[in-house]
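# Notes for the structure review
Residue strings, one per chain:
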Amino acid sequence: LPKGAKVYDIIVHFDALGSSSTVSVGDADSAARYIAATSTASAGQMSMSQEGAIAGVGYEQTAETDIILTTGGASITGTIKCVVMYSVE
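Read on for an overview of the structure. (Residues numbered from 1 in each chain as written. Predicted model: local features only at pLDDT ≥ 70, side-chain atom pairs only at ≥ 80, totals over all residues. Heavy atoms only, no water.)

This part covers the sheet that holds strand β3 (residues 35–39). Ordered in space as β3-β2-β5, the three strands form an open sheet in which the pairing is antiparallel. Of all the strands in the sheet, the pair left with one neighbour each is β3 and β5 (68–73). Taking each pair of neighbouring strands and ignoring which way they run, the sheet shows an average axis angle of 20°. Bridge analysis of strand β2 (residues 21–26) against β5 gives six bridges, and the strand direction is antiparallel. From the neighbouring strand, Thr-22 faces β5, where its bridge partner is Gly-72. (Pairing = 2+ DSSP bridges. Helix = DSSP H or I, 4+ residues; strand = E, 2+ residues; numbered from the N terminus. Axes fitted to C-alpha atoms, helices over the stretch in contact; angles between N-to-C directions.)

Next comes the structure, spelled out in structure tokens:
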């Protein structure tokens with residue numbers, strides 16, 4: 001994301017990635033800034049607007065940064081797709 005971007009929603013779609021697997025969404029400063037670790041054992045979706053961390057809503061980037069999906073628990077197998085909705089003024 002560019003400097004000054006404000007994040008308003010992140011939507012993650014995923015296959016059943018394996019039992020005990022999780023995914024969190026954050027950035028270099030906080031691995032769970034937008035979505036805390038959420039089970040991905042069954043196929044589904046998660047979004048910041050439904051399960052997100054309140055600190056991530058409208059968070060303004062102070063420098064150019066990447067959105068990072070972090071896996072946890074068991075090894076994962078499958079597909080993850082992500083959409084990030086943000087604005088830059």
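Glancing now at the packing of aromatic side chains. Here the structure, examined in full by the defined rule, presents zero aromatic pairs. Above the plane of the ring of Tyr-59 lies Arg-33, whose end atom (NZ or CZ) is 3.9 Å from the centre. (Phe/Tyr/Trp six-rings, centres within 6.5 Å; stacked < 30°, edge-to-face > 60°. Lys NZ or Arg CZ within 6 Å of the ring centre and 35° of its normal.)

Here three strands make up an open sheet; going across it, the order is β4-β1-β6 and the pairing antiparallel. The sheet is open, and its two edges are formed by β4 (44–47) and β6 (80–87), each paired on a single side. Sheet twist, expressed as the average angle between the axes of neighbouring strands with direction ignored, equals 10°.

Here eight bridges tie strand β1 (residues 6–14) to β6, and the two strands are oriented antiparallel to one another. Across the sheet, Val-7 pairs through a bridge with Tyr-86, a residue of β6. Bridge count between β1 and β4: four bridges; the pairing is antiparallel. Paired with His-13 across the two strands is Gln-45, which belongs to β4.

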